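# Summary of structural features
Residues per chain are reported as follows:
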Amino acid sequence: MIGAEHFLIVSAILFAVGVTGALISRNLIMIFMSVEIMLNAANLAIITFARMHGDMGGHVIVFLTLTVAAAEAAVGLGLIMTLYSKRGSVDAAKFNIMKW
Amino acid sequence: MQTVLPLIALLPLAGFIINILLVGKLSKKVAAIIGCGTVFVAFLLAIKVFFDLSALPADSRVISDTLYNWMTVGGFSVDFTFLLDPLSAIMILVVTGVGFLIHIYSIGYMAYDEGFGRFFAYLNLFMFSMLVLVLGSNFLMMFVGWEGVGLCSYLLIGFWFDRDSATEAGKKAFVVNRIGDFGFLLGMFIIYWNIGSLDFQTISALAPTTFVIGGTVITTATLLLFLGATGKSAQIPLFVWLPDAMEGPTPVSALIHAATMVTAGVYMLARTSTLFVMAPTTLMIVAIIGAATALMAATIGLFQNDIKRVLAYSTVSQLGYMFMACGVAAFGAGIFHLMTHAFFKALLFMGAGSVIHGMSDEQDMRKMGGLKKYMPITFMTMLIATLAISGLPGISGFFSKDEILWQTFSSDYGHPALWFVGMLTALLTTFYMFRLIFLTFFGKERMDEKTKAHLHESPKSMTTPLIVLAILSVIGGWIGIPKLFFGATNYFEHWLEPVFASSHRVMQTVAQQAEVPHDTSIEWGLMAITTILSLGAFGLAVRFYLKKPESVARPRESFSGVHRLIYNKYFVDEIYHKLVIRPLHLFSIFLWKIVDVLIIDGLINGGAFLVGGISRVVRLAQSGRLTSYVTVFTVGVALVAGTMVLLSYGFDYPLFGANN
Amino acid sequence: MEALDLNIVVFYLAAGTAIGSAFLMVWQRNPVASALYMILSILSQAVLYVLLDAVFVGALLVIIYAGAIVTLFLFVIMMLNLRGEHFVEPSTGSKRYVKLLVSGLVGAELVYLIAQSSGPGMALAPLTGAMANFGDVKPVAELLYSKYLYGFEITSILLLVAIVGAVILARRESGE
Amino acid sequence: MDFSGANLNFSLLLPEIALAISGFAILLFGVTKRGKDFGFGLGLLGLLAALAFTVQQWGSLETGFFGMVTKDGFSSLFNLIFLMGGVISIMISRSYLISKGIDKPEYYALILFSILGMMVMASTYDMIIIFLGLEIMSIPLYVLAGFNRKDPKSNEAGIKYFIMGAFASGFLLYGIALVYGAGATTDLRLIAANFHSLAQSSPMFLYAGAALILIGFGFKVAAVPFHMWAPDVYQGAPTPVTAFFSVGPKAAGFAALMRILAFGFDSMDEIQPILWTLAVLTMVVGNLLALFQDNIKRMLAYSSIAHAGYILVALTVGGESAVASGMYYLLGYTFINLGAFAILTILDTRDGTDSRFSEINGMAARHPYLASLLAIFMFSLAGFPPTAGFFGKLYIFSGAVDSGFIWLAIIGVMTSFVSVYYYMRVVVYCFFNKSDHPFAQVSLNPYLMVALLITAVGAIGLGVLPSFWIDLSRQAFASFL
Amino acid sequence: MFESQILTWLTFLPLAGAFALLLVKKENVKVIKAIAIATAGIEMLLSFALYASFDVGVTRMQFVINLPWVEQFGINYHLGIDGLSLLLIVMTTILTFLAILSSWRSVTKSVRGYYFSMLFLLTGMIGVFVALDLFVFYVFWEVMLVPMYFLIGIWGGLKRIYASIKFVLFTMFGSLLMLVALLYIYFAYYTQTGVHTFDLIALYSLNLPFGAQSWVYLAFALAFAIKVPIWPLHTWLPDAHVQAPTAGSVILAGVLLKMGTYGFLRICLPMFPEASIHYAPLMVGLALIGIVYGAFVAMVQKDIKSLVAFSSVSHMGFVMLGIFALNTQGMQGAVLQMLNHGITTGALFLIVGMIYERRHTRMISDFGGIAKVMPVFSAFFLIATLSSIGLPLTNGFVGEFMILLGAFKANWIYGTIAATGVILAAIYMLWMFQRVIWGKITHKENENLKDLTGLEKAVLIPLVVLIFWIGLAPNAMFKRMEPAVANILHIVRQADNAPEFFSAQDGEEEFNQDLANTPVDQQLNQSQENEHQSETLTQ
């Protein structure tokens, strides 16, 4: 029998994978994609809870967060592009003019 | 102020204020008139109050006069009160009298000094302080004078402030005196907290009932007071400043370091005799210290070549005599000697000053000789003084010294050993004093030609005081002629009786047996022994320094070790330097460089450095690299979530918690 | 029971694909491949959404994520021409293990905390009666325009802001 | 559809609407050639209008839009803080933007929308709305941080802030999801009301959710160890943006944290030790890192981290005076920090500047009043009486002591002791050191002067006459109970 | 009107003057100086008026003004003075006036800022002495740091930055802990009485258990001890003194150090009597170390200013000793010595400043033979030196004597150790004096030094007058401070559950005498309450 916890664990693992990606990647785009995976994981959790509680509010929430993800993607990619046009790289480790 | 008593002290103060404020603006003449005039008026007033006092019945001879309440704190209250009793009456006469003479003398002596006005200002300030010291009715006022004279001594020793040796000597005098004052202060505290008053009369009245005779408290208190006295009166172990003090102008040596200030210790002991007689141990120590000082200083005096230094050690020695007297509870005898000593020692110093004046500031006796024909008055007066100090029968010194020697032998607190030391000192005194006379006034003229050409008798302003003092040195002792002679009353002792009444009562309670009748034969015998032996010492001096000056070398060589020891003043200064001053200096540097800078500041700066170091290390995490930022963030997440996991188990969070 | 069993199979398949492709996405050097794996993962997640009776939102997920967001990513990747020499190596060496450890720890903690909560309350009750149309467009839309009206409205501002931002960032100025 | 209890009272949203309209207007006018110059004026106008509406709303307690919007004393006070921050930020922006050649009308629009997001965050009890507000606030900020596209530092700041922000958003959303899972609601009022039964049925979701939400907002307020972005972003962003960063998002983050932790999760004891630790870490690390900075902006970034620590102290303590003190502190901090940044902005309009300490060497000789103001702000940040900084700290620590968190208070004062050093350094450079080269003249326009005046009066006034503001903070707290 | 307003005027007049300076152009140096001097002068006259209208022999606070400030916290603008504050206020205004006067020529750099700082500082100092609300006290306590920081940092010597930061950090360290302690007692009082108040007098009645009292006491004591400074917290002092400009040193030594001891008297002792008694041996021990240590270190200093600075450590040790002798003599002596130290050390710093202006060095070895070229200067120097040594008939003696007397009563060992300080003081002061003033002129630069100008004499003469006035007639001071001291002692003794601490000699007799002289704190509290009531009625 598949319970909510199964879905939740899937979402938690997915979240952790996202975190892992954000940690080990150095490519800004991939870091960002990993973050998107984290958001996805959260959405999955919300959907699971919605189903669990029989509350459709969760679906609306996911609807809204998808918008947020899209908005973030637009701005984020804009930033990445600007940076790339200036520095010619998307290597996160290279951007350390400012430190300490 | 109901009487003129305070004026005696305040007049010189007024003189000081005028002279110091207008220093450099007044002509020397005016400055001298102000300086001497105020003291002279004070002297006249002193005579007046003396007669006022003597007009009173013997057992109520006390005049006191309160200026105002100085300070009141809680139960502690001290007035500026002047107290005239037979003891202070004698003292003010001596102080103002001798002081006035020295003021006059200074006019001549300092005539060409550019600090003339300043000199008289200081002298007047000294007179004021000394008079406050002797007239003060309580410990605190005495202390005011006590420190005041110390200050004046400091200023006057260092009067020629461009001489390093002079300023050094002044500072030394002050500091050494301060050590004594430390004792004085503590003694005062003990007495105050036990009796509840610092007033001499109250103390005398209450002490016998407050303290246990021979008890620790009173012994400590009197020992501390005596420490004060050793400082001021240059006794072992604090005598070292006095010889150096000779760097000051000679009138200063005469006034402060011979006649008046240095005797303050003796005066204090006499003033507080009631306390001292209650502490037999202290008395014994006083006597021993006095005797030891007398002997030691006399031996040093034997080989000094500086004319003033000889006199300085002589002063130390004579002061030792006075303490010896006090130590055997013969306070009257001590005061008597104080008075006669004031006359002849002042005279000796002024004579020496006159010699130095004539010798163009030369003080080394080895470069003098044959002066008697150039300065006859100086010679005559100094000879009289020398005879007085040597105890030529019939002259003042004889009576006072004999009185002391007799008391050391016969008093309840006395001991033949003390007498013996006293006698030995007397012989040495005779020897070195005549050595001084012979070296200075007789024999070959050893000075250089230039000096010789300038040799002259001092001006009248200097010789007149010499003559007056010479007369006093002769007759000054007659008021205290012992009963032995002519069966007359000892006026001096009689006069002082009311002052020592309280201490006598205490002594009577202590005395085991009834008073032994005066054994005149022993007294005669001792007197004879001293006189004869003194004559022998005189003879020796004649042989070594008049007849065969070259023969001195032989005994000097045979006792070369001893001679070196004595010649170098027993190396006391060096020992103090090595054992006290140097270690203290090093200790100070240790405290500053090691404790202060290295340890305390080091700890503080180290703390700051540590914080800074942590800061520098932590900063490295802020590498500017996004990846590591994300990692740190995630570590934080792991920790927070981990804490949550732990907390969900009811884990007790270690650091967290309220204090109450 | 039969259908239920199928659900289990579908669940494990979808979950496995979602997680696996996410893993593969993370592990790529090539961002294009990465983006493709991401699409796969999202599609699998959409399957999970359907299993959870969130049909409408599942569809939205595919449209918005796979259709818009990842496309945008691909678009940017292409535009930046991130190929070959422009590949960025992920962290290597001990750093990588530390990072894996940390992220693994976070995952483990989350899984632990969720697993703690498993119990009868977690069961997915069958949808019957009033709940029969759970996850359909209409009820979701009704909620969106009533209870979440405010949220919906401000989302529009959010999008506007994003557009403005993107325009500002991407706009080429004279002289640049 | 059931619209009962909807209360679609748009007057509730007047401040937000004012901002939105003026934001749109700026964008619209911005398209035209002549309209470009209206950006600043329209922005100011919109903010002042919003301010006026906020003041007009003051004292009301009304909920609308299906319970999604709540205007109460709390939201009003925070709106005041945001709007004040906005007004001052744009007042100090103008000359800077012109001098850097980035005076574009969108700048003002973004600031306005960002503030709109903050206001949304502060005026709701619903976590989803808070999340949306957060994003509305953040997305303009990402852009603003990278607004000076010519400056590589600005680019970096933008990307760093964005990546980290999105990362943190992930945690926040997951946290919200978990809390939603516990009670099938994101409404904090419901959560608070049913907290005990929820904690009974699914404690772990609540715990983990709260922890993740704390992390999410911890990022926004730059609490250690989620602070790493702050120094780089502060340094890289254009100076007036940094000024805005240091007050707006921080205040908004705390507004949300207060709503969530001090209201929704008020009954949850488990969060307290975590907050305690975060507070201590934040105070200690923030102050330590600031010690040897040679860049003033960076130093102020660390200092703002440290100040977040003090407010976290208030949050740890919880309860009335603590939350009120946190609000009071934020209010004061807004004035002080904006004041400091205003001066920094003025200095940065000079050519070739990089906010290094050495650049203010001997400033006092050339600009005594400006230097004195800077000193006042520094002393205020350091917590010298009688300034807002002092009273805020006093208020917070008194709450801590009152609740028995004496150690927290002691750590707090000791860290602020450390902070004295680096704040004093500013004074040292400005007053005690001599300038190596002639100190370039800076020009002041009236807006800057007004901004300086407001901030200075605020920085001192809040310390000298705090009563009124204390009352406001207390009422604000009282209103959300 | 006068009664209730004068303290406000006194406190804020300098601030008003400071802001008036800002209205003047900074190039207009003469006007700036004139305004500063006028303000300080009026301030001084005001304080004289205060002195004249002070009711001698009354325990209650006088010239009280009590208005609500931050009502939510029970913070009141509560000012008032007793004899203790009165004397310190008068000293402060005089010293500040003279310090400002002395800066006439010596300060040329940022003149306006300088006088602004001085006047600002004056407000802070007066505020500390008049505050009767703990919060107000704390505010002024901290405010004062700021202008002092600038004074050292801008107008100081070569190492001024290090010194100024060290000064601020040291002081802050203590006062921040004090802040926590202050909050603690505030809430403790609330728990006991249900009243939120920072009112000092009310807080006197706070009854903390010993444990709590102990740490709160230590927190306060640390703050005050740093300010005093007590060994080993003194190391900021030499740095600050040496680096500060003349006027800064004068104020620092003259007034700021007194705030520490004032804090002990005003707050520590009456508020935490048990802890005060319990820790008295500790405080006395540190004070004694300070006395001896300061003197020793002073002895080997090469810089005149740092010598005087270390002598301050020693002298302030005396003050602490007197306070913690916990008897009438000691405490009154301590209070007097606070004034004395202000006057004497102030004079010494002024003197050092005057010679520094001429020679731009303060190294002892750079001088020698000054007496020859500057006789008047030397005379003033001598008087100040003697006063510092504690020569009878100068102020220093009376204070030191009383302290030693009191300390000796508390424990003879205290008195004995402290009395060695008297010897050491003579050594280091006279040695310095000898090397600077006396001897031959060894440096050419010193041959043509000019003697004091009229202005410089005018600055020093008032201090010399004070030196002798207090030395000759200290009762004027004693009788003003007596009720205040008696009150503090009364509170301490009431709390004393270890009667053996006070020696048997210190029986009830003297205590009753204290009581008879002064209506003590019950009346005090009553009168406070009455005033409070009447105020609330009128409002």
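### Things to note about the overall build of chain C
Assigned secondary structure in chain C consists of six helices and zero strands. Going from N to C terminus, chain C has its helices and strands arranged as α-α-α-α-α-α. At a minimum sequence separation of 6, the contacts of chain C that also span at least 24 residues come to 60%. Accessible area for chain C stands at about 8500 Å²; split by element, carbon and sulfur atoms hold 69% of it.

### Observations regarding the overall build of chain A
Assigned secondary structure in chain A consists of three helices and zero strands. Ordered by position in the sequence, the α and β elements of chain A form the string α-α-α. Rg of the C-alpha trace for chain A: 17 Å, well past the compact-globule value of 13 Å for 100 residues, more than 25% over. By principal-axis analysis of the C-alpha atoms, chain A measures approximately 50 × 25 × 25 Å. Within chain A, buried positions represent 80% of all 100 residues. A sequence separation of at least 24 residues applies to 54% of the contacts in chain A between residues at least 6 apart. Total accessible area on chain A is roughly 1700 Å²; 56% of this is exposed by carbon and sulfur atoms. Taking the average place of the 6 positive charges on the side chains of chain A and the average place of its 5 negative ones, the gap between the two points comes to 19 Å.

### Observations regarding the state of the cysteines
Residue and element names in this part refer to chain B. What the rule picks out here adds up to zero disulfides over all chains. You can see C152 has no disulfide; the closest cysteine sulfur is in C36, sitting 16 Å from it. Residue C152 is classed as buried on the basis of its relative accessible area of 0%.

### Focus: the interface of chain A and chain C
With 70 residues of chain A in contact, the opposing surface of chain C contributes 78 residues. When the two sides are added together, the surface that chain A and chain C hide from each other amounts to roughly 6900 Å², 82% of it contributed by carbon and sulfur. A per-residue breakdown of the area chain A buries against chain C is headed by I24(A), M33(A) and R51(A), which together make up 12% of the total. Our enumeration of links across chain A and chain C arrives at one salt bridge. Here R51(A) ties to D53(C) by a salt bridge, and the two come within 2.6 Å at their closest N and O atoms. Viewed at the interface, chain C and chain A are joined by six residue pairs in polar contact (both at pLDDT 80 or more).

### Examining a nonpolar patch on the surface
Side chains of F587(B), F590(B), I594(B), L598(B), I599(B) and L603(B) sit close together on the surface and give an oily, nonpolar patch of about 570 Å² of accessible area. Within the element layout of this structure, I599(B) appears in helix α25 (residues 572–619).

### Some points on the pairing of strand β2 (residues 75–81) of chain E
Residues and elements named next belong to chain E. For β2, the buried fraction is high: seven of the seven residues fall into the buried class. On β2, burial covers both faces: I75, Y77, L79 and I81 on one face and N76, H78 and G80 on the other are all buried. Hairpin connection of strand β1 (residues 62–70) to β2: four residues between the antiparallel strands, including G74 at a positive phi of 70°.

### Section: the nonpolar core
Residues F78(D), F171(D), Y174(D), F220(E), F264(E) and F401(E) are the most contacted members of the largest nonpolar core, which totals 816 residues. The element contributing the most residues to this core is helix α7 (residues 160–193) of chain E, with 21 residues.

### Structural notes on the interface of chain D and chain C
On the side of chain C, 30 residues touch chain D, which itself brings 36 residues to the contact. Where chain D meets chain C, there are one residue pair in polar contact (both at pLDDT 80 or more). Elements with a contribution of two residues or more to the side of chain D that touches chain C: α1 (14–31), α4 (105–122), α5 (127–145), α6 (152–183) and α9 (203–220) of chain D. Take the side of chain D that touches chain C: its biggest share by element is seven residues, from α5(D).

### Side note on the arrangement of the chains
In this assembly eight pairs of chains touch, with chains A and C having more contacts than any other pair. Considering only C-alpha positions, the minimal separation of the non-contacting chain A and chain E is 24 Å. The two units chain C and chain E are non-contacting; their minimal C-alpha-C-alpha distance is 38 Å.

### Looking at the packing of aromatic side chains
Residue and element names in this part refer to chain B. Going through the model one piece at a time under the given rule, you end up with 120 aromatic pairs over all chains. Taking the centre distance of 4.9 Å and the plane angle of 45° together, the rings of F50 and W495 count as tilted. One end of the pair, F50, is in helix α2 (residues 28–54); the other, W495, is in helix α21 (residues 491–510), with 445 residues separating them in the sequence. Overall, W495 belongs to the buried group, its relative accessible area being 12%.

### Here we look at helix α1 (residues 4–24) of chain A
Look at α1(A): 30 Å from first C-alpha to last across 21 residues, which is about the 30 Å you get at 1.5 Å a residue. With 18 of 21 residues buried, α1(A) is to be regarded as a mostly interior element.

### Focus: the pattern of salt bridges
Residue and element names in this part refer to chain C. In the structure shown here, the tally under the stated rule is 29 salt bridges over all chains. Here K138 makes a salt bridge to E142, at a shortest N to O gap of 3.6 Å. With K138 and E142 both in helix α5 (residues 137–145) and four residues apart, the pair spans about one turn of that helix. Residue classification places K138 among the exposed positions, given a relative accessible area of 60%.

### A word on the pairing of strand β1 (residues 63–73) of chain B
Residue and element names in this part refer to chain B. Here β1 runs beside strand β2 (residues 76–84); their pairing, made up of eight bridges, is antiparallel. Looking at β2, one finds that M71 is bridged to V78. Linking β1 back to β2 in an antiparallel pair, the connection comprises two residues, with G74 at a positive phi of about 60°.

### Let's talk about unusual backbone geometry
Put simply, I236(B) and P237(B) share a cis peptide bond, and its omega is 5°. Examined against the element boundaries, P237(B) turns out to sit in the loop between α8 (216–232) and α9 (241–244). In this model, P385(D) is joined to P386(D) through a cis peptide bond whose omega is -5°. Examined against the element boundaries, P386(D) turns out to sit in the loop between α16 (368–382) and α17 (388–402).

### So, the side chain of S390(B)
All names here are of chain B. As for its position among the elements, S390 is in helix α16 (residues 376–390). Since its relative accessible area comes to 7%, S390 is described here as buried. In contact with S390, not counting residues within four places along its chain, are K401, T430, M433, F434 and S534.

### Observations concerning the confidence of the model for chain C
Mean pLDDT for chain C: 83, with 90% of residues reaching 70 or above. Predicted confidence in chain C is weakest over helix α1 (residues 2–27) of chain C, with a mean pLDDT of 85, and strongest over helix α2 (residues 31–51) of chain C, with 91.

### Details of the side chain of T246(E)
Tracing the backbone through its elements, the reader meets T246(E) in helix α11 (residues 246–271). In contact with T246(E), not counting residues within four places along its chain, are K305(E), F349(E), L350(E) and G353(E).

### Describing the environment of R87(A)
Mapped onto the secondary structure, R87(A) falls in helix α3 (residues 57–87). You can call R87(A) partly exposed: its relative accessible area is 29%. Residues R87(A) and A41(A), spaced 46 residues apart in sequence, show a C-alpha to C-alpha distance of 33 Å. Contact partners of R87(A), with chain neighbours within four places excluded, come to K94(A), F95(A), I97(A), P152(D) and E156(D). Here the side chain of R87(A) touches E156(D) through a polar contact of 3.1 Å, side chain to side chain.

### Regarding the environment of F571(B)
With respect to the helices and strands, the residue F571(B) is situated in the loop between α24 (560–567) and α25. The exposure class of F571(B) is partly exposed, given its relative accessible area of 26%.

### Topic: the packing of helix α14 (residues 328–359) of chain E against helix α16 (residues 375–389) of chain E
Residue and element names in this part refer to chain E. Closest axis-to-axis distance for the α14/α16 pair is 9 Å, and the angle between their directions is 150°. Classified by the angle their axes make, α14 and α16 are roughly antiparallel. The hand of the α14/α16 crossing is left-handed. Seen from α14, the contacting residues are T344, A347, L348, I351, M354 and I355; seen from α16, they are F377, F380, F381, A384, T385, S387 and S388. Of the residues contributing to the contact of α14 with α16, the split by class is nine nonpolar, four polar and no charged.

Here is what the cut-offs are and how they apply
Think of each chain on its own: its residues are numbered from 1, step by step along the sequence as written. As a convention, the first chain written is A and the first ligand written is 1, with the rest following in written order. The predicted nature of this model means local features are confined to residues of pLDDT at least 70 and side-chain atom pairs, given and counted, to a pLDDT of 80 or more, with totals for whole chains, interfaces and linings taken over all residues. Neither water nor hydrogens contribute to the side-chain values; these are computed over all heavy atoms in the structure. Strands are runs of DSSP state E lasting at least 2 residues, helices are runs of H or I lasting at least 4, and numbering of each runs from the N terminus. Contacts are residue-level and defined by heavy atoms, with any inter-residue pair within 4.5 Å sufficient. Per-residue and other accessible areas were derived by the Shrake-Rupley procedure at a 1.4 Å probe size, with only the shown protein chains allowed to occlude residues. Just to be clear, the radius of gyration here is over C-alpha atoms, and the globule rule we use is 2.2 Å times residues to the power 0.38. Partly exposed residues are those whose accessible area sits between 20% and 50% of the maximum for their type, while under 20% is buried and over 50% is exposed, using a 1.4 Å probe and protein chains only. Charged residues are defined here as Lys and Arg on the positive side and Asp and Glu on the negative side; His and the ends of the chain fall outside this count. Charged groups are reduced to one reference atom each: NZ for lysine, CZ for arginine, CG for aspartic acid, CD for glutamic acid. Note on terminology: pairs of cysteine sulfur atoms within 2.5 Å are recorded as disulfides. Accessible-area loss on putting two parts together, using a 1.4 Å probe and summing over both, is the definition of buried area adopted here. One speaks of a salt bridge when a side-chain nitrogen belonging to Lys or Arg is within 4 Å of a carboxyl oxygen belonging to Asp or Glu. Identification of polar contacts relies on pairs of N or O atoms within 3.5 Å, with a donor-acceptor requirement for protein atoms, meaning one able to donate a hydrogen and the other able to accept it, and with residues adjacent in sequence counted only if both atoms are side-chain atoms. Excluding any residue in a salt bridge, patches collect residues exceeding 30% relative accessible area, merging like charges within 9 Å and nonpolar Val, Leu, Ile, Met, Phe, Trp and Tyr side chains within 5 Å. Here a strand pair is declared whenever DSSP counts at least two bridges between the two strands. Only buried Ala, Val, Leu, Ile, Met, Phe, Trp, Tyr and Cys residues count toward a nonpolar core, and they belong to the same one when joined by side-chain atoms within 4.5 Å. Ring pairs shown here join Phe, Tyr and Trp side chains whose ring centres sit within 6.5 Å, with only the six-membered ring taken for Trp; geometry is labelled stacked below 30 degrees between planes, edge-to-face above 60, and tilted in between. For a helix, the expected span equals 1.5 Å multiplied by the residue count minus one. For every residue, the pLDDT score states the predictor's confidence, bounded by 0 at the bottom and 100 at the top. Interaxial angles span 0 to 180 degrees and are taken between N-to-C directions of axes, which are lines fitted to C-alpha atoms, for helices over the stretch in contact. The labels follow the angle: roughly parallel below 35 degrees, roughly antiparallel above 145, roughly perpendicular from 65 to 115, and oblique for the rest. Crossings are assigned a handedness: left-handed for a near helix turned anticlockwise from the far helix by less than a right angle, right-handed for a clockwise turn. For this scheme, ten residues count as nonpolar: Ala, Val, Leu, Ile, Met, Phe, Trp, Tyr, Cys and Pro. Four count as charged, namely Asp, Glu, Lys and Arg, and the remainder, Gly too, count as polar.

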